[in-house]
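Listed below are the residues making up each chain.
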Amino acid sequence: MSQNDWYNYCECPACKAIDDEEESHAGTMVRFVNAIAEAVEKEFPNALIETLAYQYTRKPPKKTRLRHNVIPCLCTIECDFAQPIDVSPYKQNISFRDDIRGWAKQTDLLYVWDYTTDFRNYTMPFPNVYALQGNVKFLHANGVKCLFEQGAYQGRHGDFAELKSWLLAKWMWNPELPMEPLLDDFFSGYYGKAAPFVRRYFEAVHRLQLMYSASADRPLRIFDDVTLPSLPDAVLDMATDCWKQAIDAVKDDPVSSYNVRMGAFAVDYMRLERMRRKSDKVLCLARKSLAAQELVKMQALAKSLLDRMAEAKDIRLSEGANLHEQRKREWQELLARKPRPISATSSGEVEERDISISRKGTWGDYVDDPKAADGKAMKLYNTHFEWCTTFPMHKVEFEPGATYKVRVRVRVDKLRDGGEAFWAGVYDPVAKVGRGGIQPRTENASAEYAWYDVCTWVPNENEYFWIGPGRFGKDGKSSFKALWVDKIDFSRVTK
Ligand SMILES: [Zn+2]
């Protein structure tokens, strides 16, 4: 009897009053579930009612206690998984420790939903094995009676999925079993003569992740991207060598060979996805372009991954069905692609069709606009002020270290002066800082298309350009009817 898997708690005054009093949104949830549990008990005195303590309900209510027939299921979704819950310096792990102690005081039937894979990329290296035993021990010591360790559940051969399942099965019987003998047993049994090479790779990536995540603001999280900063490209080159040696070592042993080739999938997947992203340029401002050689390498990787998917039959790349299908489709398209040289210039434009819109149709859309230079524009509605349109810097080949300026060409259908017409900027989500931006007022915004300088900076590929309709005035309303975006433009700033 749980909340939905969605960050959307009730904001009505009655619920808000309860949540304020309880200092947690679990206040309304627990009162609700207690009422259900009380009613159910009359007919089913032995039944237990489970509810999630998840995201906005993770913190226990201050006043209300759980009924004896309610089990809370606490979820670790926000945590760092490089290190065990009680060891990691990450802020979410610290607050999780408080939350679990709070719930444990209320019940002898604590249930935990723990996560053991990257859900966005099941098949990329996700070095969390050194956290697994510590987590089972910590949860056990804190009164957890029911434990769900969720891995890559939709297919086989996620990153070390077989190893992780096997270890967790062992530790859920006995959290004290030492790790090293278990690893020795699994590696020699599963990889045969390739064991030393796979083990070398395994230890290297885990060591690197631990070093990286020793800092409190560098967690390993379950929706991390293939850009995983703990494993730079040079590490993947080393990893590829380890797996090559491993594959060679078992070429006469069909069972180990299969296990090793499927084990190598994660590194090849990460390499291909990184290469694809780097080659996915819409604009080349550097004296570099996608070489034919690069394409041949990507095609070989794509073919090898698709072949292994066909052989294993049920490899799943991502929890999301769309992402899984999209990757497969894009790899197949890649196989048919011809080398496409792009020549470098010092400046260039990006049309609105290459800029993404969130909630297309609701927050904005791509439309015909005779006033736009190419007759097409993006129209953003005044119903919200989210940063709804973004353009990632990795789609431009910049000269490394050079300073660039980005401008945007927009027009504003104004309703009144004194409001915000739009806001735009460049943001780095990894460093969590804005690199610069503008918030023009409606009285200064043109009804006809005009260029606005947004930011002058040294780009890096984590960043993105963003623009959104202006924030509402004090009356909660927008100061314009619509914002039209024709294109953005990058130019190198010469000294
Ligand atoms: Zn309500």
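Residues numbered from 1 in each chain as written. Predicted model: local features only at pLDDT ≥ 70, side-chain atom pairs only at ≥ 80, totals over all residues.

**Some details on the overall build of the protein chain**
Here's step 1: Scanning the protein chain for helices and strands turns up 12 helices and 17 strands.
Here's step 2: Its C-alpha atoms give the protein chain principal-axis dimensions of roughly 70 × 65 × 40 Å.
Here's step 3: Across the 495 residues that make up the protein chain, the buried fraction comes to 37%.
Here's step 4: A sequence separation of at least 24 residues applies to 73% of the contacts in the protein chain between residues at least 6 apart. (Helix = DSSP H or I, 4+ residues; strand = E, 2+ residues; numbered from the N terminus. Buried ≥ 20, exposed ≤ 12 C-beta atoms within 10 Å, placed from the backbone. Contact = placed C-beta atoms within 7 Å.)

**Section: the sheet that holds strand 3 (residues 110–115)**
Within a sheet, neighbouring strands are paired by backbone hydrogen bonds and run either parallel or antiparallel to one another.
Here's step 1: Here 4 strands make up an open sheet; going across it, the order is 1-2-3-4 and the pairing parallel. The open sheet terminates on both sides in strands that have one partner only, identified here as strand 1 (49–53) and strand 4 (144–150). Each strand axis lies, on average, 25° off the axis of its neighbour in the sheet, ignoring direction.
Here's step 2: Here strand 2 (residues 70–75) pairs with strand 3 via 3 bridges, running parallel. Pairing of C73 across the sheet is with Y111, part of strand 3. (Pairing = 2+ DSSP bridges. Axes fitted to C-alpha atoms, helices over the stretch in contact; angles between N-to-C directions.)

**Observations concerning the nonpolar core**
Here's step 1: Core analysis: the largest hydrophobic core is formed by 77 residues, its most contacted members being A194, V198, Y201 and A246.
Here's step 2: Look past the residues within four positions of A194 in its chain and what remains in contact with it is A246, A249, V250, S256 and V260.
Here's step 3: Of all hydrophobic cores here, the second largest spans 33 residues; its members include A372, A377, V396 and V412. (Core = buried A, V, L, I, M, F, W, Y, C linked by C-beta atoms within 7 Å.)

**Topic: unusual backbone geometry**
Here's step 1: With a phi close to 45°, F160 is a non-glycine residue in the positive phi region.
Here's step 2: For F160, the position within the fold is in the loop between strand 4 and helix 5 (161–173).
Here's step 3: Backbone geometry places K432, a non-glycine residue, at a positive phi of 55°.
Here's step 4: Within the secondary structure layout, K432 lies in the loop between strand 13 (422–428) and strand 14 (433–438).
Here's step 5: Classification of K432 as exposed rests on a count of 8 C-beta atoms within 10 Å.

**Description of the pairing of strand 4**
Here's step 1: As judged from the 6 bridges shared by strand 3 and strand 4, these two strands associate in the parallel manner. Residue D114 lies in a different strand from strand 4, and its bridge partner there is E149.
Here's step 2: One crossover worth recording links strand 3 to the parallel strand 4 by way of helix 4 (residues 129–141), and it is right-handed. (Right-handed = clockwise from strand over helix to strand, strands pointing away.)

**Considerations on the domain arrangement of the protein chain**
One frequent convention defines the size of an interface as the accessible area lost when the parts assemble.
Here's step 1: On domain assignment, one finds that the protein chain holds domain 1 (13–212) and domain 2 (347–492).
Here's step 2: Between the C-alpha centres of domain 1 and domain 2 there is a distance of 41 Å. (Domains from an automatic or database assignment.)

**Comments concerning the pairing of strand 14**
Here's step 1: With 5 bridges joining them, strand 13 and strand 14 adopt antiparallel strand pairing. Its bridge partner lying in strand 14, A424 is registered against I438.
Here's step 2: Remark: 4 residues form the turn of the hairpin made by strand 13 and strand 14, two consecutive strands paired antiparallel; K432 in that turn has positive phi of roughly 55°.

**Examining the packing of helix 8 (residues 233–249) against helix 10 (residues 265–279)**
Here's step 1: Contact geometry of helix 8 with helix 10 gives a least axis separation of 10 Å together with a crossing angle of 140°. In terms of crossing hand, the pair formed by helix 8 and helix 10 is left-handed. On the side of helix 8, the interface is formed by D233, L236, A239, T240 and W243, while helix 10 contributes V267, M270, R271 and R274.
Here's step 2: Considered class by class, the residues forming the contact of helix 8 with helix 10 number 5 nonpolar, 1 polar and 3 charged. (Left-handed = near helix turned anticlockwise from the far one by under 90°. Nonpolar A, V, L, I, M, F, W, Y, C, P; charged D, E, K, R; others polar.)

**Concerning helix 2 (residues 26–43)**
Each α-helix winds once per 3.6 residues, and so residues spaced three or four apart point in a common direction.
Here's step 1: Taking 1.5 Å of rise per residue, the 18 residues of helix 2 would be expected to cover 26 Å, and the 26 Å separating its terminal C-alpha atoms lies within 8% of that figure.
Here's step 2: Within helix 2, the full set of buried residues consists of A26, G27, T28, M29, V30, V33 and A37. (Expected span 1.5 Å × (residues − 1).)

**Examining the packing of helix 6 (residues 179–191) against helix 7 (residues 195–212)**
Here's step 1: The geometry of helix 6 relative to helix 7 is characterised by a closest axis approach of 9 Å and an angle of 130° between their N-to-C directions. Here helix 6 lies oblique to helix 7, going by the angle between them. In the packing of helix 6 onto helix 7, the handedness of the crossing is right-handed. Where helix 6 approaches helix 7, its residues F187, S188 and Y191 are matched on the opposing element by A195, V198 and R199.
Here's step 2: Taken together, the residues of the contact of helix 6 with helix 7 sort by class into 4 nonpolar, 1 polar and 1 charged. (Parallel < 35°, antiparallel > 145°, perpendicular 65-115°, else oblique.)

**Some words on the sheet that holds strand 16 (residues 464–469)**
Here's step 1: Reading across the sheet, the 5 strands line up as 7-10-16-13-14 and stay open at both edges, with antiparallel pairing between neighbours. Looking at strand neighbours, the two that pair on one side only are strand 7 (356–357) and strand 14, the edges of this open sheet.
Here's step 2: For strand 7 and strand 10 (residues 389–392), the ladder comprises 2 bridges, and the chain directions are antiparallel. Each bridged residue has a counterpart across the sheet, and for S356 the counterpart in strand 10 is T390.

**Re helix 6**
Here's step 1: With 13 residues, helix 6 extends 18 Å between its outermost C-alpha atoms, agreeing within 8% with the 18 Å of an ideal straight helix rising 1.5 Å per residue.
Here's step 2: Note on helix 6: the residue one or two positions beyond its end, G192, has a positive phi of about 55°.

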